[in-house]
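Topology and contacts: notes
One letter stands for each residue in the lines below.
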Amino acid sequence: SQTTEALTVMAALLLCFEGLTRLAELGAQLSATLHATVTALRSTVIGAIMELGPRTDWNPQYYERMIRLKNVEYWRSLYSALDVAQNTGLCRFLEDYYALAQMLNDVRDYPEDERRNQPNLISIYRREAGTPGASDDGKCAVPRNVEQLLAERFLDLGRLVMELPEPDKLIALAKLHDSLLEAKRLGLFVAPGKVAVTPTLPEL
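All of these numbers come straight from a predicted model, not from anything done at the bench.

Right, let's get into helix α4 (residues 89–116). Of all the bends in α4, the greatest, near 75 degrees, is centred on D109, and the proline P111 appears no more than four residues after it. N117 lies just past α4 and shows a positive phi near 55 degrees.

Here it is, written out as structure tokens:
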């Protein structure tokens, strides 16, 4: 919704302001923080340019690189205000988490992305499966190869979570739980003739 989007933008601005405040206090670490932030933002711009690339260039490898640059590096540019090194287990989890978040957004936004001729997970994997294009209304069921990919990403994240110390594990579990709920709302992981199911994560 517009309210959610506005709140997200404002939260990102607050985080940027926090980062600027900390930059003024860092002293010797100022150079490293600026370098990390600018590098991440430069990668974000490259990802945004890739999003405008011709459809003939789209493939799974192109898509993966694009979301890593456009989405994950954007998160890095914000998170550098809190953790310049970004070498913790939680950071590694969040890298993959934000890549998965974009994939789920693509499932939700597929019709709109088709109208705008933007790269989308479903468009690319339909093409890989030899079924490019969409119905007249831009809608289609989530292809099996996309659903399988998303399930594998969830399970990989679940395994990463179990390697984290507390309280990082609790933070990661909360975020992963939210993503699983979103997948359920999108109708993913539903066996024919059965109620909706989600991938089973390792038990605590």
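By size, the foremost hydrophobic cluster in this structure holds 39 residues, and its most contacted members are F93, L121, L150 and F154. Secondary-structure elements contributing two or more residues to this core are α3 (60–79), α4, α5 (121–128), α6 (144–162) and α7 (168–185). Ranked by residue count, the leading element in this core is α4, at eleven residues. Excluding residues that lie within four positions of it along the chain, L150 makes contacts with L100, M103, L104, V107, L121, L188 and F189.

This brings us to unusual backbone geometry. A cis geometry characterises the amide bond from E166 onward to P167, with omega recorded as 5 degrees. Relative to the helices and strands, P167 resides in the loop between α6 and α7. At N117, a position not held by glycine, the phi torsion is positive, near 55 degrees. For N117, a relative accessible area of 41% gives the class partly exposed.

A contiguous nonpolar patch, built from V9, L13, L14 and F17 and spanning about 390 Å² of accessible area, is present on the exposed surface. Tracing the sequence through the fold places F17 in helix α1 (residues 2–26). A relative accessible area of 47% places F17 in the partly exposed class.

Mapped onto the elements of the fold, L94 is located in helix α4. It is 8.8 Å that separates the C-alpha atoms of L94 and W75, two residues lying 19 residues apart in sequence. If sequence neighbours within four positions are ignored, L94 has contacts with W75 and K175.

The next thing to look at is the environment of Q102. Mapped onto the fold, Q102 is located in helix α4. Given a relative accessible area of 14%, Q102 falls into the buried group. As for Q102 and N71, which are separated by 31 residues in sequence, their C-alpha atoms are 7.2 Å apart. In contact with Q102, not counting residues within four places along its chain, are Y63, I67, K70 and N71.

In the predicted model, the protein carries a mean pLDDT of 81, and the fraction of residues at 70 or more is 77%. Note that residues 134–139 has pLDDT below 50 and, in this model, eight contacts with residues that lie over four places away or in other chains.

Here we take up α7. Note: α-helices contain 3.6 residues per turn, so residues at a spacing of three or four share the same orientation. For α7, spanning 18 residues, the distance from its first C-alpha to its last is 26 Å, which sits close to the expected 26 Å at 1.5 Å a residue. What α7 keeps buried is the set D168, K169, A172, L176, S179, L180, E182 and A183. Seen along its axis, α7 keeps its buried residues to an arc of 160 degrees; they face one direction. For α7, the secondary structure elements touched by its buried residues are α4 and α6. Positive phi shows up at G187, right after α7, with a value of about 80 degrees.

Conventions we followed
Residues numbered from 1 in each chain as written. Predicted model: local features only at pLDDT ≥ 70, side-chain atom pairs only at ≥ 80, totals over all residues. Heavy atoms only, no water. Bend = angle between axes of the 7 residues up to and from the residue. Helix = DSSP H or I, 4+ residues; strand = E, 2+ residues; numbered from the N terminus. Core = buried A, V, L, I, M, F, W, Y, C linked by side-chain atoms within 4.5 Å. Buried < 20%, exposed > 50% of the residue type's maximum accessible area, 1.4 Å probe, protein only. Contact = heavy atoms within 4.5 Å. Patch = residues over 30% accessible without salt bridge, like charges linked within 9 Å, V, L, I, M, F, W, Y side chains within 5 Å. Areas by Shrake-Rupley, 256 points an atom, 1.4 Å probe, with all protein chains shown as cover. Salt bridge = Lys/Arg side-chain N within 4 Å of Asp/Glu carboxyl O. pLDDT = per-residue confidence, 0-100. Expected span 1.5 Å × (residues − 1). Arc of directions from axis to C-beta.

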